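An overview of the molecular structure
Each chain, written out:
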Amino acid sequence: MAKVLDNLNNTRNIGIMAHIDAGKTTTSERILFYTGLTHKIGETHDGTATMDWMDQEQERGITITSAATTTQWKYDNEMYKINLIDTPGHVDFTVEVERSLRVLDGAIATFDAVSGVEPQSETVWRQADKYEVPRICYVNKMDRSGANFFEVVRQIREMLGANPCPIQVPVGAEEKFTGIVDLVTMKSYFWHDETMGADYHVEEIPADLLEEAQEWREKMLESIAECDDVLMAKFFDDPSTITEDEIRVAIRKGTLSMQITPMLCGSSFKNKGVQPLLDSVCAYLPSPMDTPAIEGVDPEDSEKVITRHPSPDEPFCALAFKIATDPFVGRLCFFRVYSGELHAGSYVYNTRSGKKERISRLFQMHSNKQNPKEVIGCGDIGAGVGFKDIRTGDTLCDENHPITLEAMDFPDPVIGISIEPKTQKDIDKLANGLAKLSEEDPTFRVHTDEDSGQTIIEGMGELHLDVLIERLKREFKVECNQGRPQVSYKEAITQTVELREVYKKQSGGRGKFADIIVKVGPADPDFEGSLQFVDEVKGGNIPKEFVPSVQKGFLNSMKNGVLAGFAIDKMKVTLVDGSFHPVDSDQLSFELCARFAFKSASEKARPVLLEPIMKLEVVTPEESMGDVIGDLNKRRGQVEGMESSRSGARIVKAKVPLAEMFGYVTSLRTITSGRATSAMVFDHYAEVSSSIARQVLTECQGRVDLIK
């Protein structure tokens, strides 16, 4: 028992998160190499990275799915087990980051030493804040031209609102980057290029760097003193009495409470700085024992809160955070065990489906290879085979001690295209492939258009859908024809109307009767959720058992707005009064009455069309800036700011409707002769002007007459 707990203190569940091209996968590859898990370094740019195992990842040089692996590292004479997840940086695959952060205890936020904080860096940082994941920052690519560690520190403070605390400073920068100074030990580390960075030696700090190192050590002590009262007293009395161990304890304390974010630097590609990064993971990031007990609710009573502590003696409880289809073992479910243990061949209870499932085999993952295990212990991440009905976000638990953990919420898709198989005989293969892909990826949706009968697939961006269509071709052997991309619009109502709706139907036997007076309008600004329902009926004019049916009728109707059947995101319905018939009224009558009331009210409440607006950042040479801005203006873009980057280029920040951004990357290359780059992240939905709304509604045969 004690040994298991000891191991649990020495377990780290961590992820690497960052913007595209900050070097996440390269850093992961170095971690695998230096921990002895691989004997040859894989490279992203020549398609040999272990963690980018999909053909498409190797061809495109990007990470598409988060890959998990388990390795070990010796720190302070103890072995540490590290479960590592390498996540994608591209915004189209944001779901992979979201679900990984949900089950991780700590993260390494990686930044490019030249580009600093980029749009997707902000997105992943906010996701880590949402799940309260402590993190350390690693400023990579210190060997690149224009690298500036201290500028990245400033950006993290100002743009992310964090409290960065450098615990290292670089020795040199750009091509002169040779090593780091450790501010805790006040020693410098230099790597030997000829040994692929596996060997390094420790020296005294070079004389020309001593003053700067002392200045940053002073700042570090000041930051960590605020996290520890004992250290604070020592800091004010005599800072020289503070020991290395006390500093490490205070850094760990500040990191776990998210008061500070330790900052490290290196160049993963040049094999410099990775070993101290691994030491810092063991020293400062939390173990499963440092995380608070996980809370869930009783499946039978959602008001009753249940907690599970990270102990093998507690009843089993785990969260399924990813489903993957493996060609050899079938459907793999990745899960994080929060309490108890899971043995191969045992049964687990799924609280969503209410069914027991037998887990035939268990694996510890190494990228796309599986190492069979007899048991996955508390605090560990593993994968299981044998599930018949499983979805991302399901809670797996002991049948005698059921618990439902908070599910994951995923963003809605913003773009859709129609697809059809090239040959008639592939129809079943396509349906099967789409079903498997949508099971793996909660941000990928498939539906059939009621009017045209076409199959529509929806996702988070053009790249996302490209990758999925490519996977249909490679994994499921289905060739597809595809239509042009369609934006996922939404609808909203902008005025409040009050109306009476009476539903009467008289047939041979019992009739149907419902009468409601409702106020329908926009939801309150601070309301979280979709339908804000208020019941103001007095004196039993509508019996209590019929009120939920009215709510259900409105909620179901919101899936199809009156303009063109796009969903309505939010609205407020107040049930003011009504009446019922003692014989003819029933729940279905009131639900149908609410549906008719929704349609009548929406038509009168000035419905509008909403479109997705993207946050765009373009890095362009100075001489092309005028053309780039002119092009954005043509695309209904609003330029919000321009900055100079350290490499002399200009950064243009803008908000642009997604409808205008199809094929943007190609036209940007043309305008700037291939010298500009862009990054785009979904920002919000905004009302469309009436002229564009008419155009969109005419195309999709919607109710143009309702646009004012």
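See the structure shown above.
Let me sum up the structure you'll find in this document. Residue numbers run consecutively from 1 along every chain, following the written order of its sequence. The model is predicted, so local features are restricted to residues of pLDDT at least 70 and side-chain atom pairs to those at 80 or more, both for listing and for counting; the totals for chains, interfaces and linings are taken over all residues. With hydrogens and water excluded, all non-hydrogen atoms of the structure serve as input to the side-chain values.

Moving on, we get to the side chain of Glu611. Within the fold, Glu611 resides in strand S35 (residues 607–620). We define a polar contact as two N or O atoms separated by no more than 3.5 Å, with the added condition that, inside protein, one atom must be a possible hydrogen donor and the other a possible acceptor, whereas residues neighbouring each other in sequence contribute only through side-chain atom pairs. Within the structure, Glu611 has its side chain in polar contact with the side chain of Arg636 (distance 2.8 Å). Residues are treated as being in contact if the distance between any of their heavy atoms lies within 4.5 Å. Not counting residues within four places of it along the chain, the set of residues in contact with Glu611 comprises Tyr489, Arg636, Pro657, Ala659, His684, Tyr685, Ala686 and Val688. Numbered from the N terminus, helices here are DSSP runs of H or I no shorter than four residues, and strands are runs of E no shorter than two.

Time to look at the nonpolar core. What makes a nonpolar core is a set of buried Ala, Val, Leu, Ile, Met, Phe, Trp, Tyr and Cys residues whose side-chain atoms join them at distances within 4.5 Å. To sort residues, take the accessible area from a 1.4 Å probe on protein chains only and compare it with the maximum for the residue type: under 20% means buried, over 50% means exposed, and anything in between is partly exposed. Ranked by size, the top nonpolar core spans 46 residues in total, and within it Met220, Ile224 and Ile251 carry the most contacts. If we ignore the near neighbours within four places in the chain, the residues touching Ile251 are Ile167, Val184, Met220, Ile224, Ile260, Pro262 and Tyr284. Core analysis: the second largest hydrophobic core is formed by 30 residues, Val97, Ala107, Tyr131 and Ile156 among them.

What characterises a pair of aromatic rings is the spacing of the ring centres plus the angle enclosed by the ring planes. Here is the rule: rings of Phe, Tyr and Trp (six-membered ring for Trp) pair when centre to centre is within 6.5 Å. Planes less than 30 degrees apart are stacked, more than 60 are edge-to-face, and the remainder are tilted. This model, assessed by the stated rule, comprises 14 aromatic pairs. With 6.3 Å between their ring centres and 50° between their planes, Phe111 and Trp125 make a pair best called tilted. Placement of Phe111 in strand S4 (residues 106–112) and of Trp125 in helix H5 (residues 119–130) is noted, with a sequence separation of 14 residues between them. We classify Trp125 as buried; its relative accessible area is 3%. Relative to Trp216, the ring of Phe150 has its centre 4.8 Å away and its plane inclined at 20°; by these criteria the two rings are stacked. Placement of the pair is Phe150 in helix H6 (residues 149–160) and Trp216 in helix H7 (residues 207–225), with a sequence separation of 66 residues. Looking at Phe150, the relative accessible area reads 24%, which means it is partly exposed. Each residue in the set Phe149, Phe150 and Trp216 is aromatic and connected to the rest through ring pairs, giving one cluster. Taking NZ or CZ as reference, Arg135 lies 4.5 Å from the ring centre of Trp125, over its face. Throughout this description, the term charge over a ring refers to an Arg CZ or Lys NZ atom that lies within 6 Å of the ring centre and within 35 degrees of the ring normal. Above the face of the Tyr347 ring, Lys356 is positioned so that its terminal group lies 4.9 Å from the ring centre.

In short, geometric facts, not functional conclusions.
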